[in-house]
Amino acid sequence: MEQSRTYKLFTFKDDNSQESLSVTIPEVLDPQFGMYVWPSAVVLAQYVWTHREELRGRTVLELGAGVSLPGVVAARCGARVTLTDDSDWPLCLQNCRRSCEANGLQGVGVLGLTWGEVSPDLLLLPAVDVILGSDVFYEPEDFEDVLLTVSFLLRRSPHAEFWTSYQLRSADWSLEALLHRWKLRCVHVPLSGFGADEPELAGSNLPGRHSVQMMVISLRTDH
Ligand SMILES: C[S@@+](CC[C@H](N)C(=O)[O-])C[C@H]1O[C@@H](n2cnc3c(N)ncnc32)[C@H](O)[C@@H]1O
């Protein structure tokens, strides 16, 4: 049966250059995780938008992309993008494709990539410059799997960075020990530094009142 879909418009603006970018994201009315835009996605997409100059022509891979707002913004800004989501959830991969179609994007790869799994598709991926992940740290039991995949990708592309936004759902959650274990370094980026410290962003009412944080993770070089 065809699922009911709605379309959300996001418009990113640069007040200095007067540039703007509008993208449309189809959402499925379904309570599953990868079916609609999460508050963190708008924050990460805004970060991508403010770094669009350095992304042009770069290779970008989005993890747990769902409806793929950050990856779509990166592709519209000229990056070579691959969108990935859990290989066991074809509906999420279909959402990645629909988001590309809705924005006239051709040549964006869509791939099943399950965190923590070493698959032939993971091994065949080309080197990346930037890995994106919005709201991929939402289930503590998956945190290490996410970092395992990120760590694998960063070790193959040591110059690359993992740009990730996440929604604070519990004060008890911490990535510190896992980052240390996987020899990763993490820089927290204040939202005010890229105009994301507002409840309304890109013409949408997300992130709203949710507490979202932005981090840049890279390989630790001090060992
Ligand atoms: C909270 S949603 C965030 C979706 C999207 N990034 C956003 O912010 O709008 C989490 C996403 O991670 C994906 N996911 C969950 N477990 C996964 C796994 N083990 N491997 C890969 N992707 C997974 C889900 O399918 C979903 O798209």
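Per an unreviewed UniProt entry, the recorded name for the protein is Methyltransferase like 23, and the organism is Salarias fasciatus. Here the protein is described in UniProt, under the heading Sequence similarities (unreviewed entry), as follows: "Belongs to the methyltransferase superfamily. METTL23 family."

Once that is clear, we can look at the sheet that holds strand 8 (residues 184–189). The strands making up a sheet are joined through hydrogen bonds of the backbone, oriented either antiparallel or parallel. Strand order in this open sheet of 7 strands is 5-4-3-6-7-11-8, and the pairing throughout is mixed. For this open sheet the edge positions go to strand 5 (109–112) and strand 8, each flanked by a neighbour on one side alone. Strand-to-strand twist of the sheet, defined as the mean angle between neighbouring strand axes without regard to direction, takes the value 20°. Pairing geometry for strand 7 (residues 161–167) and strand 11 (residues 212–219), over 6 bridges, is antiparallel. Bridged to Thr-164 within strand 11 is Met-215. On the sheet, helix 6 (residues 143–156) packs against strand 3 (59–62), strand 6 (130–134), strand 7, strand 8 and strand 11 and is oriented at approximately 45° with respect to strand 11.

What follows deals with the environment of Thr-11. Position of Thr-11 among the secondary structure elements: in strand 1 (residues 5–13). With 192 residues separating them along the chain, Thr-11 and Gly-203 place their C-alpha atoms 5.8 Å apart. With residues near it in sequence (within four places) discarded, Thr-11 still touches Ser-20, Ser-22, Ala-202 and Gly-203.

Counting through the fold element by element, Ser-87 comes out in the loop between strand 4 (80–85) and helix 4 (90–102). Each C-alpha atom of the pair Ser-87 and Gly-208 lies 30 Å from the other, and the pair is 121 residues apart in sequence. Sequence-distant contacts of Ser-87, that is, excluding residues within four places in its chain, are made with Gly-112, Leu-113 and Thr-114.

Turning next to the packing of helix 1 (residues 39–50) against helix 3 (residues 69–76). Orientation of helix 1 relative to helix 3, taken along the N-to-C sense of each, is 15°, at an axis distance of 8 Å. One way to sum up the angle between helix 1 and helix 3 is to call them roughly parallel. The interaxial crossing formed by helix 1 with helix 3 has right-handed handedness. Where helix 1 abuts helix 3, its residues Ala-41, Val-42, Leu-44, Ala-45, Val-48 and Trp-49 lie against Leu-69, Pro-70, Val-73 and Ala-74. Its residues assigned to classes, the contact of helix 1 with helix 3 shows 10 nonpolar, no polar and no charged.

Our focus in this paragraph is the pairing of strand 4. Judged by how many residues are buried, strand 4 sits mostly within the fold: 5 of 6 residues are covered. The sheet contact formed by strand 3 and strand 4 spans 4 bridges and is parallel. Of the residues in strand 4, the one forming a bridge with Val-60 is Val-81. Note on the crossover from strand 3 through helix 3 to strand 4: the handedness is right-handed. With 4 bridges connecting them, strand 4 and strand 5 associate as parallel partners. Counterpart to Thr-82 in the pairing with strand 5 is Gly-109. Taken together, strand 4, helix 4 and strand 5 form a β-α-β motif whose crossover is right-handed.

Let us look at the pairing of strand 1. Across 9 bridges, the pairing between strand 1 and strand 2 (residues 20–28) is antiparallel. Its bridge partner being in strand 2, Lys-13 is matched across the sheet by Ser-20. Counting the residues that bridge the hairpin from strand 1 to strand 2 gives 6 residues, and of these Gln-18 lies at a positive phi of roughly 65°.

Analysis parameters
Residues numbered from 1 in each chain as written. Predicted model: local features only at pLDDT ≥ 70, side-chain atom pairs only at ≥ 80, totals over all residues. UniProt positions renumbered as here; feature names shortened; annotations may be inferred. Pairing = 2+ DSSP bridges. Helix = DSSP H or I, 4+ residues; strand = E, 2+ residues; numbered from the N terminus. Axes fitted to C-alpha atoms, helices over the stretch in contact; angles between N-to-C directions. Contact = placed C-beta atoms within 7 Å. Parallel < 35°, antiparallel > 145°, perpendicular 65-115°, else oblique. Left-handed = near helix turned anticlockwise from the far one by under 90°. Nonpolar A, V, L, I, M, F, W, Y, C, P; charged D, E, K, R; others polar. Buried ≥ 20, exposed ≤ 12 C-beta atoms within 10 Å, placed from the backbone. Right-handed = clockwise from strand over helix to strand, strands pointing away.

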